[in-house]
Amino acid sequence: MKALRSYARLIYWDWVREAKRLDTILSMLLFAMITLMIFSFAIDPMSETGVRVRAGMIWLTFLLSGAIGIDRAFRGDGAESVLQGILLAPVSRVTLYYAKVTSTFLFVVVMEAITLFVFCLLYDVEFESAAALGRMIVIILLGTIGFVSVGVTLSAMTRTIKGGEVLLRILLFPLMIPVFAAAVDATKFALAGDELTMKQLVLVGAFDLVYLAAGQILFEVILSDYDAS
Amino acid sequence: MTAAVIEVHDLGKRYGERDALRGIDLSIEPGCSVALFGHNGSGKTTFLKLLATLLKPTTGRVTVAGLDLARRSCAVRARVSLLLDRPFFPPRFSLEEGLRYFTDLYEQPWDEQSMKSVLERVGLRRRRLDPLNTFSRGMAQRASLACVLSRDAEILLLDEPYTGLDPDGCALVDSIVDDHSAAGGTTLLVTHEVDRGLRRSDRSIVFRGGRVVLDEPSSPELKDAVLEVLG
Amino acid sequence: MSNSTTVAAGHTRTTHEARRSRQFLFRFGVVILSLIGIRMLMAWDESTWIPWTYAKMTWEHPAGQLYLVGTVVLLGLGFVFRRAGRDTFGLHALQVMLGAVSLNWLIATALPLSIKMIGSSYLIFFYHFPAAMSCFVFFTLLMVFSIAYLVQDDPLWDRCARTSGQIGFLACTIVLTTGSTWASAAWNSWWVWDDPRLMSAAIMWLTYAGYVMLQMQLDDPYKRRRFCAVFGIIAFLNLPIVHYAIQWFSQGEVSHPMKFSDMASNDWITYTRWFGVIVFVGFYSILFRWRLAREGTRDRLHESLWAVRRLEEGAHIR
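Description of the structure in this document. It should be emphasised that the depicted structure is a prediction, and the values quoted were computed from it without experimental measurement.

Criteria and cut-off values
One numbering rule holds for all chains: residues counted from 1, following each sequence as written. Following the order in which they are written, the chains are lettered starting with A and the ligands numbered starting with 1. Two thresholds apply to this predicted model, a pLDDT of at least 70 for residue-level local features and 80 or more for giving and counting side-chain atom pairs, whereas whole-chain, interface and lining totals are computed over all residues. In computing side-chain values, all of the structure's heavy atoms are included and hydrogens and water are not. The set of buried Ala, Val, Leu, Ile, Met, Phe, Trp, Tyr and Cys residues whose side-chain atoms join them within 4.5 Å is what this entry labels a nonpolar core. Only protein chains enter the area calculation, which uses a 1.4 Å probe; residues under 20% of their type maximum are buried, those over 50% are exposed, and those in between are partly exposed. Strands are runs of DSSP state E lasting at least 2 residues, helices are runs of H or I lasting at least 4, and numbering of each runs from the N terminus. A contact between two residues is defined here by any heavy atoms of the two lying within 4.5 Å. Buried area, as used here, totals the accessible surface that two parts lose on assembly, with accessibility defined by a 1.4 Å probe and the loss added over both. By salt bridge we mean one thing: a side-chain nitrogen of Lys or Arg within 4 Å of a carboxyl oxygen of Asp or Glu. Counted as a polar contact is a pair of N or O atoms within 3.5 Å, where, for protein atoms, one must be capable of donating a hydrogen and the other of accepting one, and residues adjacent in sequence contribute only when both atoms are in side chains. In this count, Pro and Cys sit with the nonpolar residues alongside Ala, Val, Leu, Ile, Met, Phe, Trp and Tyr, while Asp, Glu, Lys and Arg are called charged and the others, Gly among them, polar. A pair of strands is considered paired only if DSSP assigns at least 2 bridges between the two. Working convention: axes come from line fits to C-alpha atoms, limited for helices to the stretch in contact. Angles between N-to-C directions cover 0 to 180 degrees. To count toward a patch, a residue needs a relative accessible area over 30% and no salt bridge; like charges are then connected within 9 Å, while nonpolar side chains (Val, Leu, Ile, Met, Phe, Trp, Tyr) are connected within 5 Å. The accessible surface values rely on the Shrake-Rupley method and a 1.4 Å probe; as for residues, cover is taken only from the protein chains in view. Small angles under 35 degrees read as roughly parallel and large ones over 145 as roughly antiparallel, with 65 to 115 read as roughly perpendicular and the rest as oblique. Should the near helix be turned anticlockwise from the far one by less than a right angle, the crossing is left-handed, and should it be turned clockwise, the crossing is right-handed. Handedness of a crossover is defined as follows: orient the strands so they point away from the viewer, and if the path from the first strand over the helix to the second runs clockwise, the crossover is right-handed.

1. Quick word on the nonpolar core
Here comes step 1: One finds Leu154 of chain A together with Phe47 and Leu188 of chain B to be the most contacted residues of the largest nonpolar core, which totals 168 residues.
Here comes step 2: Counting residues per element, this core draws most heavily on helix α9 (residues 221–249) of chain C, at twelve residues.
Here comes step 3: Residues within four places of leucine 188 of chain B in sequence aside, it is in contact with Ile6, Ile28, Val34, Leu36, Phe47, Leu48, Leu51, Leu156, Leu157 and Leu158 of chain B.

Next comes the structure, spelled out in structure tokens:
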């Protein structure tokens, strides 16, 4: 119960911190918009290539700009002394991990929601039914959990390295490929108005579970000896 | 004889092939204020961080307020307040917001009146709405002291609290230590100012090369001994 | 003062390690020679097996010539440098590499003529498959060592993990390059984007490239050990997930043989291939052993310097 309260507290303060200048969400969002723009020059989105390219486009945009949000989880102005304060507070590392995952997840989801909306407007994507949209939302949420759960651990790892922003992406993106492949596949189905297959959900779900469990343990390992982290 | 509030048995911390601390055996009674002296790299800050559970000991056993450090680190953190060189709140928060954040994070009740008196005491009342990144070094140190004052931790761990402070500020630190001792709390004070440290403490401990080389009750006459051990 | 003694100690240790590795090289040579002997005995009743034919084939084939000339040159260079008292690690490594490659070439040529008639494309399996097996072996070892490090906190395990990462990465690079070269001949393209096997190998390569890079970028040894152990575990966890993801969601058909038993094969090919696996895992283990010794020397030097910095900076963590 106490852990739940500190969990909620940490998320609340992360939001307050973000609300000061919205810099994480805004930079993710702007970057996503720019990516969508650049895509239109790289490939003709209205051509016959169809939904497959669109599903890939949207997930690539999520991946590239979501990485910014994950990067900001432990980096930025004064982030290190804030982290020190949290580590000294009576909050367990596991709670801290889940709080960080949740707040980063929320930031990324806000970005994804707006990006998806803009994407649908710009590229004339229409969902056939509410169920199709629902399936799309399910797959986006599941995919983002996987993305963020491993991302937060890696972000805690690369936070003190000079040039760690790039390293984070180098480490994160290859790990993301399974969830990316499954999510693109599922998004294709959702955009075409088909039911999701078991395989897609199983793979993304398994990825989420494995990385939430592993991330929780390994996050503790990373921060248990602060000086060495 | 009361039970010791901090029990350290054979504590050691290794960095690779070098020991930052080794074979530390100490027991500190509640209400005692202890001054820790030592050169840079002698292990005193490492010692404080071990007590505050920021670091994990390589060897040895530590109990703080009867709680095993390795197993109940969360409960230990609730009883210990560590002062480092920067306040722990986000730089864009104003001082008041920062304190609100701090007390919430450390599960302290928020009380407008007492917070006012804390700010009054550290001399930052008029700057309470300014964002923290506009604070100078000394002001930031005062803000850290406000954090310490806003908690009622049993054990204070002060890592070089005098740095960057004017004489008023130093007197403020002294009064904080005195009040804490008067209320029955324990203080560990790391400082390079031997005179001040000796005056402010009941017991002096000198670290050298990761070991305790002197452990005596404080008195003004001890100064020569401390300086000699420090070399 | 203390620094100069550390460096001096490191130096004596280096020469000591070099001597040890020379001994090790000798033992390795003995093992290889006995393996060749066993191989020859195994092939004794094969009607096509005539030692002279193979000696001639060695000389006539460009790879054989390269090996023979290379060995003579390297032996000469090694002799010169040993006289000058230099560390001959690189030369020994090269020599062993050439030795292993040409050994495998010998293995391949020892196949019955009937199989050789199919064409030289079969030869790939005696380089490519063993490299793939060694790369799995070393990546698994990397994970085991990483866990051992996190449990026991002993820098030795970290060094082992780091070295297996490097060797596994080398083996993985060899898998990709030999595979790609073969594909250019057999499938007429260097890379097939929709083949699951190829894609998962490429992702594995990228993941462990990240691992090697993480090892390089973290200067502080205490951080590095801990973080790299964490990433070593994550990277290994990811392998099965990548495998299934790509099998399920790649659009293409499988061009790469998923199982070697699917191929038209006879016992000789199977024996030879596993013989190649043993030889190559042995070869990579030699490299592992050498690299480990070098990493040990480097760590001792590096770490004592970093410990000083860490102690001095105790109060200010950044």
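Okay, back to it.
2. Concerning the interface of chain B and chain A
Here comes step 1: With 29 residues of chain B at the interface, the matching set in chain A holds 28 residues.
Here comes step 2: Around 2900 Å² of area is buried between chain B and chain A when both sides are counted, 57% of it from carbon and sulfur atoms.
Here comes step 3: The interface formed by chain B and chain A includes five salt bridges.
Here comes step 4: Linking chain B with chain A are eleven residue pairs in polar contact (both at pLDDT 80 or more).
Here comes step 5: Contributing elements (two or more residues each) for the side of chain B that touches chain A: β1 (6–15), α2 (73–79) and α3 (95–105) of chain B.
Here comes step 6: For the side of chain B that touches chain A, the per-class residue count stands at 17 nonpolar, two polar and ten charged.

3. A word on the pattern of salt bridges
Here comes step 1: According to the stated counting rule, one finds 33 salt bridges over all chains in the structure shown.
Here comes step 2: Arginine 9 of chain A is the salt-bridge partner of glutamate 107 of chain B, the closest N and O atoms lying 3.3 Å from each other. Pair noted here: glutamate 107 of chain B is in the loop between α3 and α4 (112–122) and arginine 9 of chain A is in helix α1 (residues 2–21), and the two residues belong to different chains.
Here comes step 3: We classify arginine 9 of chain A as buried; its relative accessible area is 12%.
Here comes step 4: Residue arginine 135 of chain A pairs with glutamate 195 of chain A through a salt bridge whose shortest N-O separation is 3.3 Å. Residue arginine 135 of chain A is located in helix α6 (residues 130–158), and its partner glutamate 195 of chain A is located in the loop between α7 (164–192) and α8 (198–224); the two are separated by 60 residues in the primary sequence.
Here comes step 5: Accessibility expressed as a relative area gives 15% for arginine 135 of chain A, which makes it buried.
Here comes step 6: Each of the salt bridges in this network shares a partner with another, and the network as a whole consists of Asp158, Arg159, Arg162, Arg224, Arg291, Glu295, Arg298 and Asp299 of chain C.

4. Structural notes on the interface of chain C and chain A
Here comes step 1: Taken together, the 31 residues of chain C in the interface contact 38 residues of chain A.
Here comes step 2: Between chain C and chain A the total buried area reaches about 3100 Å² when both faces are included, carbon and sulfur atoms providing 76% of it.
Here comes step 3: At the surface where chain C touches chain A, the tally comes to zero salt bridges.
Here comes step 4: Where chain C meets chain A, there are five residue pairs in polar contact (both at pLDDT 80 or more).

5. Focus on the sheet that holds strand β4 (residues 59–64) of chain B
All names here are of chain B.
Here comes step 1: Overall, antiparallel pairing links the four strands, which are arranged β2-β1-β4-β5 in an open sheet. Pairing within the sheet leaves two strands with one partner each, and these edge strands are β2 (18–28) and β5 (67–68).
Here comes step 2: Sheet topology places β4 next to β5; two bridges connect them, and they run antiparallel. Pairing of valine 64 across the sheet is with leucine 67, part of β5.
Here comes step 3: In the packing of helix α1 (residues 44–51) onto the sheet, the strands contacted are β1, β2 and β4, and the crossing angle to β1 comes to about 120°.

6. Describing a nonpolar patch on the surface
Residues and elements named next belong to chain A.
Here comes step 1: On the surface, Leu30, Ile34, Met37, Ile38, Phe117, Leu121 and Leu122 cluster together into a nonpolar patch covering about 730 Å² of accessible area.
Here comes step 2: Looking at which element gives the most residues to the nonpolar patch, the answer is helix α2 (residues 23–42), with four residues.
Here comes step 3: By secondary structure assignment, the location of isoleucine 34 is in helix α2.
Here comes step 4: Accessibility expressed as a relative area gives 49% for isoleucine 34, which makes it partly exposed.

7. What to know about the packing of helix α6 (residues 128–152) of chain C against helix α8 (residues 196–217) of chain C
Residue and element names in this part refer to chain C.
Here comes step 1: Relative to each other, α6 and α8 sit at 45°, their axes nearing to 13 Å. In terms of their interaxial angle, α6 and α8 are classed as oblique. Between α6 and α8 lies a crossing of left-handed hand. Across from Cys135, Phe136, Phe139 and Leu142 in α6, the residues of α8 making contact are Met204, Tyr208 and Tyr211.
Here comes step 2: Considering only residue class, the contact of α6 with α8 consists of seven nonpolar, no polar and no charged.

8. Concerning the pairing of strand β7 (residues 155–159) of chain B
Residues and elements named next belong to chain B.
Here comes step 1: Within β7, five of the five residues are buried, leaving the element largely enclosed by the surrounding structure.
Here comes step 2: Alternating positions in β7 separate into two faces, Ile155, Leu157 and Asp159 on one and Leu156 and Leu158 on the other, with burial throughout.
Here comes step 3: Here strand β6 (residues 80–83) runs beside β7; their pairing, made up of four bridges, is parallel. Bridged to leucine 82 within β7 is leucine 157.
Here comes step 4: With five bridges connecting them, β7 and strand β8 (residues 186–190) associate as parallel partners. The partner of leucine 156 across the bridge, within β8, is threonine 187.
Here comes step 5: The parallel pair β7 and β8 is bridged by helix α6 (residues 167–182), and the resulting crossover is right-handed.

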